[in-house]
Amino acid sequence: MVERSGDRPGTAGEAPAGRPPARQGRRVPVALAVWAALIGWSFFEGAALRARGALPIDRLAPLHGDLRLLTVTLLPAAVFAAIAVLTLPPLVARARFGWALFVSYGFALAWTVLLAVSDDGLAAPLTHATDYLAVLPAVGNDPTGWLAGFTRHLPDYPTHVRGHPPLAVLVLWALAAAGLRGPAWAALLVVAAGCSATVAIAVTVRRLAGETMARRALPYLALTPAAVWIATSMDAFFAGVGAWGVALLVLGRAWIAFAAGLLLGALPYLSYGLVPYLLIPVVAGVVARVPRATVLAALAGAASVTAAFAAGGFLWPAGVLATYAEWAPDPGAAARPYLYFLVADLAVLAMLTGPATAAGLVRLPPYGVRAVVAAAGMAVLALDLSGVTRGEVERIWLPYAVWIGLAAGMSPGRRWLAAQVVTGLLLQALVDSPW
């Protein structure tokens, strides 16, 4: 028997008053046309700009990668996707909620790993000289000393380290210090954390909009097209950290809210681009009516992260300034056309979230889901308008895309789930990405 204790009558999947389902259904073709046109225009205009020499480092704009064609090696992922589309929705619908979460996490891991091994495997992106692991020798056995001199020595570090705060490096250093050294262990951490966002977001949705909506969303969270970059980008780890921070917060228990604050407070020290992400827990907390004691405990947890980094010699504003000083003169990244990427970056978000999300957005999800999707969308728009995220957003958008993808749960039927996995397979088959 299905457990329904978390349901909220009248929230999951119902059309708002005055907007009959038939009227919403007529909007779906328009939404899909806009979705396809946005993506098509971004590739067409990107090719034109590159032909004029305006995009020297983006050979497949708006994506940062090259065109390719995978065939036989993608077959295991394609077979798994077909099986998953048929079996995951009924499994999630019938199992007890805890088991539904567990099963969905397993499917998310399998989907992500099978996509990755169709190319160079899980660990390959983390072996590049531009990535975080390359700086671990500089950390050595003195992480606190390295942290204190982080901004001073920033010009000497690899590209990804220069563009981010120091916490991601310290996480990988701690993993190696625990005896789990090398890119393989780092990749397992990234993929496990990134896929766990499926569980964390479903837990949040159950609290905000009821169990029925959480169950509807689970297959789409597990089989997201964004899995192509969840394996293996450190931004997938950031997505998992943020999602669990929100989930622990909305549970409303003061004794775990401090942990929520630690996770959410860590986000600006993982990526400067995660500051707008904090709008998501604020909105989720308001919708969930989180008690004051819980909010105070979360704030205490977040403040302790800031205090710890300050005590270690790293001040966040100084890090921002140092990173900007590295980014501004870069002839490739900073010179990317602002107006093109203002639109094209949103096309990348459309690819990450898939056609079912476009269709689900016009079906108007329940209020709780709509609120967090809107919060994630506003955060993306803030970053997009700022101009600091010009290109390479297929990884930068990951923490936001997993929330926006919730809207896909409003697209009923296996054909929409099939459209999602086909999108993921096409992205993996045709895009040779460095991540």
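Up top is the structure these notes are about.
> I'd like to hear about a nonpolar patch on the surface, residue by residue, with values.
Together, Leu67, Leu69, Val422, Leu426 and Leu430 give the surface a local cluster of nonpolar side chains, amounting to about 490 Å² of exposed area. Here the element with the most residues in the nonpolar patch is helix α21 (residues 414-430); it accounts for three residues. The topology assignment puts Leu430 in helix α21. In this structure Leu430 comes out as partly exposed when scored by relative accessible area, which is 32%.

> Account for the packing of helix α11 (residues 234-250) against helix α13 (residues 279-288), with residues named and values stated.
Put simply, α11 and α13 touch, their axes get as near as 9 Å, and they point 20° apart. In this view, α11 runs roughly parallel relative to α13, as classed from their interaxial angle. As α11 packs across α13, the resulting crossing turns out to be right-handed. Residues Val246, Leu249 and Val250 of α11 lie in contact with α13, whose contacting residues are Ile280, Pro281, Ala284, Gly285 and Ala288. Broken down by class, the residue content of the contact of α11 with α13 amounts to seven nonpolar, one polar and no charged.

> Which residues make up helix α15 (residues 316-327), and what values do they have?
Since the α-helix advances by 3.6 residues per turn, residues separated by three or four positions end up pointing in the same direction. For α15, which comprises twelve residues, the first-to-last C-alpha distance of 16 Å matches the rise-based estimate of 16 Å (1.5 Å per residue) to within 8%. All of the buried residues along α15 are Gly319, Ala322 and Thr323. An end-on view of α15 places all buried positions within 95° of arc, on one side of the element. In α15, the exposed positions angled more than 90 degrees off the buried face are occupied by Pro317, Leu321 and Tyr324. Summarising the contacts, the buried residues of α15 are in contact with α6 (159-162).

> Report on the nonpolar core, specifying residues and quantitative values.
If you look at the biggest cluster of nonpolar residues, it comprises 141 residues, and the most contacted ones within it are Trp397, Trp403 and Leu406. If sequence neighbours within four positions are ignored, Trp403 has contacts with Ile201, Thr204, Ala243, Val246, Tyr277, Ile280, Val372, Val373 and Ala376. Counting residues in each nonpolar core, the second largest holds six residues, with Leu49, Ala61, Phe341 and Ala344 among its members.

> An account of the packing of helix α2 (residues 75-94) against helix α9 (residues 211-222) is needed here, citing residue identities and associated values.
Here α2 crosses α9 at 145°, and the two axes come no closer than 9 Å. As α2 packs across α9, the resulting crossing turns out to be right-handed. When α2 is examined against α9, the residues Leu88, Pro89, Val92 and Ala93 are found in contact with a partner set consisting of Arg215, Leu218, Pro219 and Ala222. For the contact of α2 with α9, the per-class residue count stands at seven nonpolar, no polar and one charged.

Scoring rules and cut-offs
Residues numbered from 1 in each chain as written. Predicted model: local features only at pLDDT ≥ 70, side-chain atom pairs only at ≥ 80, totals over all residues. Heavy atoms only, no water. Patch = residues over 30% accessible without salt bridge, like charges linked within 9 Å, V, L, I, M, F, W, Y side chains within 5 Å. Areas by Shrake-Rupley, 256 points an atom, 1.4 Å probe, with all protein chains shown as cover. Salt bridge = Lys/Arg side-chain N within 4 Å of Asp/Glu carboxyl O. Helix = DSSP H or I, 4+ residues; strand = E, 2+ residues; numbered from the N terminus. Buried < 20%, exposed > 50% of the residue type's maximum accessible area, 1.4 Å probe, protein only. Axes fitted to C-alpha atoms, helices over the stretch in contact; angles between N-to-C directions. Parallel < 35°, antiparallel > 145°, perpendicular 65-115°, else oblique. Left-handed = near helix turned anticlockwise from the far one by under 90°. Contact = heavy atoms within 4.5 Å. Nonpolar A, V, L, I, M, F, W, Y, C, P; charged D, E, K, R; others polar. Expected span 1.5 Å × (residues − 1). Arc of directions from axis to C-beta. Core = buried A, V, L, I, M, F, W, Y, C linked by side-chain atoms within 4.5 Å.

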